[in-house]
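A structural walkthrough
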Amino acid sequence: MGMTSLQAWSLITITMFLHTYGSAQEMNLNPTRPTIANSATMQSRGVMQVETGYDAYPRGVPGNQQTVDMFLTYTPLARLRLDFGWSAFNHQQDGDESTNGVGTIQLGGKIELKKEQYHRSAPAIGFQYEAELPTASEEALQGYGQQAILLINHHYGKNGDLDVLVNGSLVQSGCQTPFGCSYGGQQSFAVSYHLQKETRLYAEAFGQNTAQSNTPPGTYLFGGFYHQFSDAFGIDGGLRFGVSNHSARVGTTIGLVFGKRLRSEPLQRRPTAP
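Reference entry: report on the structure contained in this document. (Residues numbered from 1 in each chain as written. Predicted model: local features only at pLDDT ≥ 70, side-chain atom pairs only at ≥ 80, totals over all residues. Heavy atoms only, no water.)

1. Section: the state of the cysteines
In the structure shown here, the tally under the stated rule is one disulfide. The disulfide bridge from Cys 175 ends at Cys 181, spanning 2.0 Å between sulfur atoms. Note on the Cys 175 and Cys 181 pair: the S-S dihedral is about 125°, so by sign convention the disulfide is right-handed. For Cys 175, a relative accessible area of 17% translates into the label buried. Given the relative accessible area of 35%, Cys 181 is considered partly exposed. (Disulfide = S-S within 2.5 Å. Buried < 20%, exposed > 50% of the residue type's maximum accessible area, 1.4 Å probe, protein only.)

2. Some details on the side chain of Thr 67
For Thr 67, the location among the structural elements is in strand E2 (residues 64-77). The class for Thr 67 is buried, based on a relative accessible area of 4%. For Thr 67, the residues in contact, after removing those within four places along its chain, are Gly 53, Tyr 54, Asp 55, Ser 87, Phe 89, Asn 90 and Asn 214. (Helix = DSSP H or I, 4+ residues; strand = E, 2+ residues; numbered from the N terminus. Contact = heavy atoms within 4.5 Å.)

3. Some thoughts on empty space enclosed by the protein
If a probe as big as a water molecule is rolled over the atoms, it shows which places are left empty. One pass over the structure, following the stated rule, counts one cavity of 30 Å³ or more. In this structure, the largest cavity is lined by Gln 106, Glu 130, Ala 131, Glu 132, Gly 145, Gln 146, Gln 147, Val 171, Gln 172 and Gln 212. Counted by class, the lining of the largest cavity contains two nonpolar, six polar and two charged residues. (1 Å grid on protein atoms, 1.4 Å probe; cavity = no way out; pocket = protein on both sides within 12 Å on 5 of 7 lines; lining within 4 Å. Points joined across faces, edges and corners; volume = space filled by probe spheres on them. Nonpolar A, V, L, I, M, F, W, Y, C, P; charged D, E, K, R; others polar.)

4. Some remarks on the pattern of salt bridges
All told, the structure shown has five salt bridges when counted by the stated rule. Two residues, Asp 55 and Arg 33, come together in a salt bridge whose shortest N-O distance is 3.3 Å. Residue Asp 55 is located in strand E1 (residues 47-60), and its partner Arg 33 is located in the loop between helix H1 (3-18) and E1; the two are separated by 22 residues in the primary sequence. You'll find Asp 55 and Arg 33 in the same group, each marked buried. By sharing partners, the salt bridges in this structure join Arg 33, Asp 55, Asp 236 and Arg 240 into a single network. (Salt bridge = Lys/Arg side-chain N within 4 Å of Asp/Glu carboxyl O.)

5. Let's talk about the environment of Leu 141
The topology assignment puts Leu 141 in the loop between strand E6 (124-133) and strand E7 (145-156). C-alpha separation for the pair Leu 141 and Gln 92, spaced 49 residues apart in sequence, amounts to 8.0 Å. Dropping the residues within four chain positions of it, Leu 141 is found in contact with Asn 90, Gln 92, Thr 99, Asn 100, Gly 101, Val 102, Thr 104 and Ala 136.

6. Considering the packing of aromatic side chains
Applying the stated criterion to the full structure yields four aromatic pairs. Ring centres 5.2 Å apart and planes at 20° place the aromatic pair Phe 206 and Tyr 220 in the stacked group. Placement of the pair is Phe 206 in strand E10 (residues 199-208) and Tyr 220 in strand E11 (residues 218-230), with a sequence separation of 14 residues. Grouping residues by exposure puts Phe 206 and Tyr 220 together as buried. An angle of 35° between the planes, with centres 5.3 Å apart, marks the rings of Phe 233 and Phe 258 as tilted. Taken together, the residues span a long stretch of sequence, with Phe 233 in strand E12 (residues 233-242) and Phe 258 in strand E13 (residues 248-261) at a distance of 25 residues. Given the relative accessible area of 1%, Phe 258 is considered buried. (Phe/Tyr/Trp six-rings, centres within 6.5 Å; stacked < 30°, edge-to-face > 60°.)

7. A look at the pairing of E11
Of the pairings in the sheet, the one linking E10 to E11 comprises 10 bridges and is antiparallel in character. Bridge pairing in E11 places Phe 206 opposite Tyr 220. Inspection of the sheet shows E11 paired to E12 by 10 bridges, in the antiparallel sense. Following the sheet pairing, Gly 224 is matched in E12 by Gly 238. Between E11 and the antiparallel strand that follows it, E12, lie two residues. (Pairing = 2+ DSSP bridges.)

In structure tokens, the structure reads:
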């Protein structure tokens, strides 16, 4: 990896860490990692969230694959999130051939169509759209396409400790190739359990017939965690195990989550006495 990409990624991470101080208003960080499935909710309005992570599939199909990513999101409205993703480093090795370089950029956003109300049967529903732009430094790392995702989740239990997440998406990819675009899908089912307010455990099953989310095609089982050390900082990680014939045998993921409030929530006016 070139030093320019490494320094840029490190600088963004360190800068966010040094400037994430507590706030009187909670930021309610809502990481998109470590699971593939995400909830329909998002961080509080006016909060910028930065996630950096490392994903690796060192053995099996399609060879050695490693990725270092950054995903930046901002919520200008309570139910609208804007997304910017960038692969600072990609490594792909198949046999004796290997490729290293800067990956693609993703632009998109998420809308919370229906807000969840605890202790009611109706789930939260969201819609997410991401466009992948062909900005990679090497032809083998190039990607060009788009993805539309339906997100559904609902909390169960007396205190809402159990969160069930279901996602389904349509994927268009490979539009930069001479053969034109190819189409596929990604389906995921995940369960999140809150051991404590700051700690969650995850279990997930997901499948895809096209490479998405830094993961080769196939069917996978996942186990992982997320721990929030403060209102502005958390860490997540876990292991993925391929269970289909053409999936990677094992993969690992680790990530950091940072938050910073850029705009204060408007104060709610108290009702005046008649």
